[in-house]
Amino acid sequence: MSKTYLGIEIGKSTIKFVLCTKGQVEGFFIESFPEDFVKEGCIVNWDGMAKFLKQMLKKHKISCKNVALVLPESVTYIRRLLLPYMTVEQLKVNLPYEFHDFISEQKEDYIYDYALMELLEKEEETQNPSYMDLMAAAVAKETIEQYRKMLKVSGLKLKIAAPPSCAYQNIVFHHMVEYSLDKKMDYAILDIGYETVELRIFTEGKYETEKSIENGLKEIQELLLEQVHMEFMEFLKIPNHQQILSEEKYMTIYETIALEVMRVVNFFTYNHPNNTLEHLYCCGGGAFLEPLLDVLQDTVGLKIKKVSELFPNQKEDQLALVMAPAAVGITWN
């Protein structure tokens, strides 16, 4: 298996590239593409995106061909399953039936895969005492073929493909292994993006749920364009940007986001009274908005940190882990 992967995450307006060798980030780039390439999270101009990818590989002098691709959540189905212990061959037969309530098309038109989270033993004596805790995913074969063809035109090879939740699961597992954590911890990761804010919760280190909050950075971007005529990421480079972002009209947006996050966290803690949730790990462009982080700290009741703080020893990975955690995590397959 290759030791070097190019992690790619295609968003609504930007594409993130992360070059990783043996789990270490060697290069990180973000590029904006034309607005008509992606609609509602899905690529609609495959030829245009292929040409754009090829241009970016040349621009950044990327020679790695093996791609670990973050698939949009909108084109995948993901489930946590508890199944009796079975062989790989038996799983291939049974997995499609676990998605029959979600997939209306023919099951043969989909690709199914899984990650083994844990082997469990039932306390009582039964004929089949062993169980498998799985994170399973399904994606249409046609979708994978479209991505494969697009990457091939760009001179790339699709080696790994999974939705963001799987990439974040890799990050959590990587943290647990890296620091030899004997105690299973609960994690909450908040991706503060342009269109949406995504909160994912991992119970005892295993993916449990996610919540999409529609109020992202878009409204802040629109206000900035009116006030200082600058794009969000460019605006963050000016010296007094935090002062401007502390004005009341921005604080109202932060409070709306924080209240939605608080509701999800409170629901989780109510249903898990013995939880170990202490931190809210933030990523995405919003992780650089100090006033927003302060409001989250005051509202949610958890200590606010950046995702990069999970790996303080990996100094060279810090920016990539905050801005493109899924593109990093997908290479840690």
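Turning our attention to the overall build of the protein chain. Check the secondary structure of the protein chain and you find 11 helices and 15 strands. Taken over C-alpha atoms, the radius of gyration comes to 21 Å for the protein chain, in line with the 20 Å a tight globule of 333 residues would show. By residue count, 49% of the 333 residues in the protein chain fall in the buried class. In the protein chain, 62% of the contacts between residues at least 6 apart in sequence involve partners at least 24 apart. As displayed, the protein chain has an accessible area near 17,400 Å², and 50% of this comes from carbon and sulfur atoms. Averaging the locations of the 35 positively and 49 negatively charged side chains of the protein chain gives two centres separated by 9 Å.

Next up on the list: the pattern of salt bridges. Overall, the coordinates contain 12 salt bridges when judged by the stated rule. Lysine 306 is the salt-bridge partner of glutamate 290, the closest N and O atoms lying 3.8 Å from each other. Here lysine 306 lies in strand β15 (residues 303–306) and glutamate 290 lies in helix α9 (residues 290–300), a separation of 16 residues in the sequence. The exposure class of glutamate 290 is partly exposed, given its relative accessible area of 36%. Overlapping salt bridges, with partners in common, bring together Arg80, Glu118, Asp133, Lys184 and Lys206 in one network.

Soluble globular proteins tend to bury their nonpolar side chains together. Residues Val261 and Leu296 are the most contacted members of the largest nonpolar core, which totals 38 residues. Here this core gets 9 residues from one element, more than from any other, and that element is helix α8 (residues 248–271). Non-local contacts of leucine 296, meaning those with residues more than four positions away in its chain, are made with Leu190, Ile192, Ala258, Val261, Cys282, Gly301 and Ile304. Judged by nonpolar contacts, the second largest core, of 35 residues, contains Cys20, Phe202, Ala324 and Ala327.

Moving on: the packing of α8 against α9. When two helices pack together, their arrangement is given by the angle between the helix axes and by the axis-to-axis distance. Two elements in contact, α8 and α9, have axes separated by 9 Å at closest approach and are oriented at 40 degrees. One way to sum up the angle between α8 and α9 is to call them oblique. The hand of the α8/α9 crossing is right-handed. Packed against α8, whose contacting residues are Met251, Tyr254, Glu255, Ala258, Leu259, Val261, Met262 and Val265, the element α9 presents Pro291, Leu292, Val295, Leu296, Thr299 and Val300 at the interface.

Take unusual backbone geometry next. The residue lysine 22 is not glycine, and still its phi comes out positive at about 50 degrees. Note on placement: lysine 22 falls in the loop between β2 (14–21) and β3 (24–32). Overall, the relative accessible area of 64% leaves lysine 22 in the exposed class. You will see that glutamate 204, though not glycine, has its phi angle at about 50 degrees, which is positive. You can see glutamate 204 is positioned in the loop between β12 (197–203) and β13 (206–213).

Right, let's get into the state of the cysteines. Note on terminology: disulfide describes a covalent bond linking the sulfur atoms of two cysteines. Counted by the stated rule, this structure contains 0 disulfides. Cysteine 282 forms no disulfide, and the closest cysteine sulfur to it belongs to cysteine 283, at a distance of 7.5 Å.

What counts and what doesn't
Residues numbered from 1 in each chain as written. Predicted model: local features only at pLDDT ≥ 70, side-chain atom pairs only at ≥ 80, totals over all residues. Heavy atoms only, no water. Helix = DSSP H or I, 4+ residues; strand = E, 2+ residues; numbered from the N terminus. Rg over C-alpha atoms; globule rule 2.2 N^0.38 Å. Buried < 20%, exposed > 50% of the residue type's maximum accessible area, 1.4 Å probe, protein only. Contact = heavy atoms within 4.5 Å. Areas by Shrake-Rupley, 256 points an atom, 1.4 Å probe, with all protein chains shown as cover. Lys, Arg positive; Asp, Glu negative; His and termini not counted. Charge placed at Lys NZ, Arg CZ, Asp CG, Glu CD. Salt bridge = Lys/Arg side-chain N within 4 Å of Asp/Glu carboxyl O. Core = buried A, V, L, I, M, F, W, Y, C linked by side-chain atoms within 4.5 Å. Axes fitted to C-alpha atoms, helices over the stretch in contact; angles between N-to-C directions. Parallel < 35°, antiparallel > 145°, perpendicular 65-115°, else oblique. Left-handed = near helix turned anticlockwise from the far one by under 90°. Disulfide = S-S within 2.5 Å.

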